[in-house]
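Next come the chains, spelled out residue by residue.
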Amino acid sequence: MSEVNHTKTVRVALAGCGVVGSELVRALHVQGPRIEMELGVRFQLERVLVRRIERPRTVAFAPGVLTADLDAFLATEADVFVEAIGGLEPAQRIARAALSKGRPFVTANKVLIAAEGEDLCSLARARGVDAHFEAAVAGGVPVVRVVREYLCRGPIRRIRGILNGTCNFVLTLLERGERLEDAIAEAQRRGFAEADPARDLDGRDAADKLAILAWLAFGVSPRSLALRRRGILPDAERLSRGASAAGGRLRLIAECEAFAECEADGEVVSASVEPIVLASESPFARTVGEENRIAIDAGWPWPIELAGPGAGGVPTAAALLADLIQATTSRAAFAPHVAFAALPTADHASNHVDLRVHAWLIGVRAGLVREARSRFADAGIAAALAGATIGDGWLITAPVSWSCIAPVLRSLEADGARPAVARLETEELRVVEEPLPLIAVAVGG
Ligand code: HSE
């Protein structure tokens, strides 16, 4: 790229200097000269909002840059506001203050965008700027750009992904025989996990990211997306062992899919975040560690697939920096977010009860396998024995909807069978006895 002659100084106000914020500061130091040379922009850190000024830091700041005073931060004369704090408040207040002043807002905050993204984008459009949130979904993988800009006019049918790096990292370590607590502690040590790692493991973090993608792809309001969410807790270790016994690998998969249910209803969207046992050789099963992977089905013979580092300070800061550049340089003129305004409104695609049918892998306490099987049979659901692991027997059901198996699972739970359940998508099932004949089941009953 050629050098530019004039340098424009862009004053940056950054909220948060933790794992992600400090990496953004480092990236601005390290990449600043190249950005200035190639794009003619010098990013100048005007103010950085932190919780405790006196805390030791791995990056240096000019005197007076750090502040713990939110009002002083909001009053900063800055050209762009970046938020890397996480959570709803004070992130929302910062976003609204920045956009109301006509300043672009850049964030890594999925909780904020899932809850308030629609309103923030409306506010931004009214002020002639934009809210940028590439870093909020899949860390360093540029999936928001792809869905928001590149594919916006294409008929996206389905998005499926591993959207939480911590959970995938933990599952990978469990496959190698590590204990759950140790795996979580290691994810925290590496800066992948949320402040409350339960958000990673129970699917809430992935659900927020999925809601953002479903909004961009289908126009469903993130706040009203009906989503079936089941994480890997409390049965992570049992499910991981059960997946191996069934010949596959366990992954937490987020997916949303639009389809025409009937002409009168228009499009409907199904969405779920849940553990799925996948064939060991499939791309999602081979996604290990904190890597994220997203497959976008836009009606072409093959899905568009994106994969890369989905968690951690460096990749997330790289996504923030890319947005910062887009928000404040002429590059924005070539990659406008106007496409977003043309997306269907939230009413276009309604939510509905999930009627998709799947096979399910179900673990129950070893002594209760026969009983569990007969309860499924009573409900008209064939279940074959798939194997045994320490303390558990594993059943594989015929393909049925979640609403069919949920009541049986509840009754087993009530009777102390401790059912652990994952969707099953292995091609070759390792069934250790002849399966019961598959019974036709009323879907959605
Ligand atoms: N805790 C998140 C994850 C960070 O593990 O994916 C990136 O959003």
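The structure we're discussing is the one just above.
In this report, we go over the structure that sits alongside the text. (Residues numbered from 1 in each chain as written. Predicted model: local features only at pLDDT ≥ 70, side-chain atom pairs only at ≥ 80, totals over all residues. Heavy atoms only, no water.)

### Observations regarding the site of the ligand
- K110, N164, G165, T166, F192, A193, E194, D200, D205, K209, G310 and A311 make up every residue found near the ligand.
- Here an oxygen atom of the ligand sits 2.8 Å away from a polar atom, N or O, in the main chain of G165.
- Within the complex, the protein chains bury 93% of what would otherwise be the 260 Å² of accessible surface of the ligand.
- For the shell around the ligand, the secondary structure elements donating two or more residues are α6 (165–175) and α9 (204–218).
- Grouping the amino acids of the shell around the ligand by side-chain chemistry returns 3 nonpolar, 4 polar and 5 charged. (Near = heavy atom within 4 Å. Polar contact = N/O pair within 3.5 Å; in protein donor to acceptor, adjacent residues only side chain to side chain. Areas by Shrake-Rupley, 256 points an atom, 1.4 Å probe, with all protein chains shown as cover. Helix = DSSP H or I, 4+ residues; strand = E, 2+ residues; numbered from the N terminus. Nonpolar A, V, L, I, M, F, W, Y, C, P; charged D, E, K, R; others polar.)

### Observations concerning the pattern of salt bridges
- Here the structure, examined in full by the defined rule, presents 41 salt bridges.
- The partner of D130 in a salt bridge is R148, with the nearest N and O atoms 3.3 Å apart. Here the residue D130 occupies a position in the loop between α4 (110–126) and β6 (131–132), and R148 occupies one in helix α5 (residues 143–150), the gap between them amounting to 18 residues. The residues D130 and R148 share a single accessibility class, namely buried.
- Measuring nitrogen to oxygen at the nearest pair gives 3.1 Å for the salt bridge that ties R238 to D235. For the pair R238 and D235, a shared accessibility class is recorded, and that class is buried.
- The structure contains a network of salt bridges with shared partners spanning R158, R160, R228, R230, E255, E257, E274, R356, R423 and E425. (Salt bridge = Lys/Arg side-chain N within 4 Å of Asp/Glu carboxyl O. Buried < 20%, exposed > 50% of the residue type's maximum accessible area, 1.4 Å probe, protein only.)

### Quick word on the packing of aromatic side chains
- Applying the stated criterion to the full structure yields 4 aromatic pairs.
- Both rings, one in F169 and one in F192, keep their centres 5.3 Å apart while their planes meet at 70°; by these two values the pair is edge-to-face. Taken together, the positions of F169 in helix α6 and F192 in the loop between α7 (180–189) and α8 (198–201) put the pair 23 residues apart, joining distant regions of the chain. As far as the burial class goes, F169 and F192 line up, both buried. (Phe/Tyr/Trp six-rings, centres within 6.5 Å; stacked < 30°, edge-to-face > 60°.)

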